[in-house]
Amino acid sequence: MTGVLIPNVMVPMRDGVRLATDVYLPDGAIDAPLPVLLERTPYDKRGTNHADFSVADEVPLSKPEIARIFAANGYAFVLQDCRGRYASEGMFRKYLSEAEDGADTLAWIMRQPWCNGRIGTLGLSYSAHVQAALATLDPPGLAAMFLDSGGFSSAYHSGIRQGGAYELKQLTWALKHAQLAPETMADPARRAALEAVDIRRWIGVEKWRPGHSPISAAPEYEDFILEQWNEEGFSDFWKQRGIYARGWYDAFADVPMVHMSSWYDPYALTAVENFVGLSQRKRGLVKLIMGPWTHGKRSLTWSGDADFGPQSTLDHLFGDYVALRRRWFDRHLKREGADPLPEPVYLFTMGGGSGRRLPSGRLDHGGRWRTAPAWPPPDMAMTPFHLHPDGGLRAQPPAAPGRRSFVHNPRHPVPTIGGAIASGAPVMEAGGYDQREAAAFFGAREPWRPLAERSDLLVFETPALDTDVELTGQAVADLFVSSTAADTDITIKIVDVYPPSADYPDGYALNIAHGILRMRFRDSFEAPEPMEPGKVYRVRIASFPMSNLFAKGHRIRVEIAGSNFPHFDINPNVDWRVPGLSPVAAENSVHLGPRAGSRLLLPVVPARAG
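Computed from a predicted model, the values in this text were never measured in an experiment.

(A) Spatial organisation of the overall build of the chain. In terms of helices and strands, the chain carries 10 helices and 28 strands. Scaling as 2.2 N^0.38, a compact globule of 610 residues should have a C-alpha radius of gyration of about 25 Å, and the chain matches this with 24 Å. Within the span of the chain, comprising 610 residues, buried residues form 61% of the whole. Of the contacts made within the chain by residues no fewer than 6 positions apart, 75% connect residues no fewer than 24 positions apart. Carbon and sulfur atoms make up 51% of the accessible area of the chain, which amounts to about 22100 Å² in all. Taken as two groups, the 64 positive and 70 negative side-chain charges of the chain have centres that lie 2 Å from each other.

What follows is the structure, given as C-alpha cells:
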C-alpha cells in the first residue's frame, strides 16, 4: 500500500516538551486539506496492538498498516507517542498529562496544510483514556470520537480503584512498561534489574513503599504507582481531567462519539457511565456497544473458558473493526454514507447456549446481539431477592432473623478466577471460568475445590429456575454486615450456575460480574470511618454491568467474601490510621431477617418473544 509518510515530527507542547508524531497521507496530498484521524499511544506508534486482527485475518495489523488503510481512503492519519514513551520527550506520568498534550496536538494539527479543520480521534484502552482527557477541554477541531475500552468516567470508582480497593493490574502493567521505557532501554543496569523481577513474589497483603518495590529501579514508575495506591480516599487527586471524565461532562466536547467495551473488560463501567452521562447532556450522537469479550478482543468468540458462538464477534454485527470505524468517520467527518450505528445501544446478552463442552474445551455459553434505546433497557426492573440462612436466594424474606459468617484471613485470600481484568499477567487472567481453584490461578491451592466450598466465602442461590431469566444492568447487594475488625472488605460475585451434565458432572459456575466495598468507605469515599466491632452496618454494593440470560434449570448465585485477590489488594483488617499494625483475621457476618434483612436487587428484563 502506497502513501506519504512524514515521520517523527517533533510536535511542541505548551511546556516545550516535544512529542514524536508520524503523519500518513494519501499519495499527492501533502498540501490538500483532508479530514484527520488522531491516535495517541504509550505503546509505540509503529507497533502492533494484540487486538487488531479480524475474523477473516488472524494476523494483527500494525498501527502503520491501519494508518495507511485510512490514508488510502482519504484521511490524514496521525500517530503520536505519548509523553515519555518511545520516541517522545518528557517524563511519563501515567494518565495525568494527556488532556493538555492532546489539546496541544489538535491545535498543531489544525495549523497544518493537510488538515481541513475536522479531526476525529480513535484508539483502544490508554488510547481511549487520552481521548476522554482531551475532550474535557473541548479543543477546536475535534469533530468525532471512537473510544474503545477506556476513557475513565472515574478512575477512582473503576479502572484504578473500585469501592475503595486498589486494582492490582496497575502493578503488573507498571512492571511490564517500565521495562519498555526509554530510560530502561538506555540503561543496562536498570534493564537487568527490572527483567530479574518475579512480580508473583511481590504481591501480597503488604504494600510497596519507596525503594522497596519490584519497580524501584524505575523510580518514575514507582512514583505514580505509589501515588495511586496511597491516595485511598476520593481526594482532589482523583478529580483531575485525565482520570475523571464525569466531573467534566458539562465541558466535554459535544461531538458524535462511540463508547465501546465488553462485559469482561475493566472499563465496562466506564463505557456505560460515559454513555449515560454524556447522552443526557449532549445534542450530538452518543452510542454504546457492549460485547462479551475481554479487553479489546472483539474478534474472538470466547472469553476465558466461556464461548459465545460465532455470532458474538464485532465482525458478525458490523463487519471488521477497521470497516466499522471507517464508516463512522466517513459519516461524521466526510458527511458520506449512512450512520453505521442507527440505534443508541448495542448489547450482547450472554447465555442460552447448549452448555456442552466444545471441541476447543470451552463451555458453550452462547448469546445474541440486540439493541436498546437506552442503558439500562427501559423495561428492566430492579427485583429483590432475599438472602436466607440456608443459603437460599428467594423472592420472599426469611421468616426469622439470622446471620451467616465467614473469616477473612489476609494471609489466605480468596483467589481471583477470571473476571473483568486487563494487563494482569502473570498473576491473573480475564474472562469467564468455572469458579473452581486450579493450578492455573495465582493463589489457588490444592485440592482445587470449587470456591463455593471455601469456609471464607458465603453462597446464596436461587432454586433451579423454572424459566429463563435475563439480567441486564447492575446488580446491587443491599447488605447488613458486621465485623470483628476496624475495617474489612466485602466482595460480591454474580454467578450463573449450570446443573450437572455429561460434560460437566459437577456442574459449572460461570462468573458474570463482581463488586467490592472497603468498609471504611461505606458512608463516604471522601471521609473514611472505622467500624465499631460487632455493630451492624447497612451497605449497598453495586456489581459491574452485565447482560446474561440465566437459562431454565440454572441457578442465580451471589458469592460474598472478604477478598478477590489479586484482582484487588488485600485488606489487612486493621485500623489504617495506625501505622505498623500487622494483618489480622476478621470474622464478618451478613445479617438476615424478615425486616432489616440482606437482599440482592437484580436487574431483571422481561422475556422476549422469539
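(B) The arrangement of the sheet that holds strand β23 (residues 508-518) in detail. Across the sheet, four strands lie side by side as β19-β26-β22-β23; this open sheet has antiparallel pairing. Only two strands of the sheet have a single partner each, and these edge strands are β19 (457-461) and β23. Neighbouring strand axes in the sheet, compared pairwise and without regard to direction, differ in orientation by 20° on average. By the bridge criterion, 10 bridges tie strand β22 (residues 489-498) to β23 in an arrangement that is antiparallel. In the sheet register, Ile490 faces β23, and the bridge partner there is Leu517.

(C) Representation of the state of the cysteines in the model. According to the stated counting rule, one finds zero disulfides in the structure shown. Here Cys82 stays unpaired: no disulfide links it, and the sulfur of Cys115, its closest cysteine neighbor, is 20 Å away. On the basis of relative accessible area, Cys82 is assigned to the buried category, the value being 0%.

(D) How the structure looks around helix α1 (residues 63-72). Most of α1 sits out of view: seven of its 10 residues are buried. Phi turns positive, to about 95°, at Gly74, one or two residues after α1.

(E) Representation of the sheet that holds strand β12 (residues 306-307). Across the sheet, which stays open at both edges, the three strands sit in the order β11-β12-β14 with mixed pairing between neighbours. Each edge of the open sheet carries a strand with a single partner, namely β11 (302-303) and β14 (363-364). Inspection of the sheet shows β11 paired to β12 by two bridges, in the antiparallel sense. Within β12, the residue paired with Ser303 across the bridge is Ala306.

(F) Broad picture of the side chain of Asp148. Mapped onto the secondary structure, Asp148 falls in strand β6 (residues 142-148). Here Asp148 falls in the buried class, since its relative accessible area comes to 0%. Here Ser149 takes part through its side chain, which lies 2.8 Å from a polar atom of the side chain of Asp148. Among residues more than four places away in sequence, those in contact with Asp148 are Gly123, Leu124, Ser125, Ala128, Met260, Arg298 and Tyr321.

(G) Expanded view of the pattern of salt bridges. Per the stated rule, a full pass over the model turns up 42 salt bridges. Residue Glu232 is joined to Lys207 by a salt bridge in which the shortest nitrogen-to-oxygen separation is 2.6 Å. Here Glu232 is found in the loop between α7 (219-230) and β9 (257-264), whereas its partner Lys207 is found in the loop between α6 (188-195) and α7, with 25 residues between them in sequence. The class of Lys207 is partly exposed, set by a relative accessible area of 30%. Linked by salt bridges that have partners in common, Glu461, Lys493, Arg555, Arg557 and Glu559 make up one network.

(H) Examining the layout of surface pockets more closely. Put simply, the largest pocket is a space of about 1100 Å³. Lining the largest pocket are 45 residues, and of these His50, Lys176, Ala422, Ser423 and Gly424 lie nearest its centre. Per element, the largest residue contribution to the lining of the largest pocket is eight residues, and it comes from helix α4 (residues 169-179). A class-by-class count of the residues in the lining of the largest pocket yields 20 nonpolar, 16 polar and nine charged.

(I) Geometry of the packing of α4 against α6. Two elements in contact, α4 and α6, have axes separated by 9 Å at closest approach and are oriented at 150°. When you trace α4 past α6, the crossing you get is left-handed. From α4, Leu175, Ala178 and Gln179 reach across to α6, where they touch Arg190, Leu194 and Glu195. Residue composition of the contact of α4 with α6, by class: three nonpolar, one polar and two charged.

What counts as what
- Residues numbered from 1 in each chain as written.
- Predicted model: local features only at pLDDT ≥ 70, side-chain atom pairs only at ≥ 80, totals over all residues.
- Heavy atoms only, no water.
- Helix = DSSP H or I, 4+ residues; strand = E, 2+ residues; numbered from the N terminus.
- Rg over C-alpha atoms; globule rule 2.2 N^0.38 Å.
- Buried < 20%, exposed > 50% of the residue type's maximum accessible area, 1.4 Å probe, protein only.
- Contact = heavy atoms within 4.5 Å.
- Areas by Shrake-Rupley, 256 points an atom, 1.4 Å probe, with all protein chains shown as cover.
- Lys, Arg positive; Asp, Glu negative; His and termini not counted.
- Charge placed at Lys NZ, Arg CZ, Asp CG, Glu CD.
- Pairing = 2+ DSSP bridges.
- Axes fitted to C-alpha atoms, helices over the stretch in contact; angles between N-to-C directions.
- Disulfide = S-S within 2.5 Å.
- Polar contact = N/O pair within 3.5 Å; in protein donor to acceptor, adjacent residues only side chain to side chain.
- Salt bridge = Lys/Arg side-chain N within 4 Å of Asp/Glu carboxyl O.
- 1 Å grid on protein atoms, 1.4 Å probe; cavity = no way out; pocket = protein on both sides within 12 Å on 5 of 7 lines; lining within 4 Å.
- Points joined across faces, edges and corners; volume = space filled by probe spheres on them.
- Nonpolar A, V, L, I, M, F, W, Y, C, P; charged D, E, K, R; others polar.
- Left-handed = near helix turned anticlockwise from the far one by under 90°.

In short, geometric facts, not functional conclusions.
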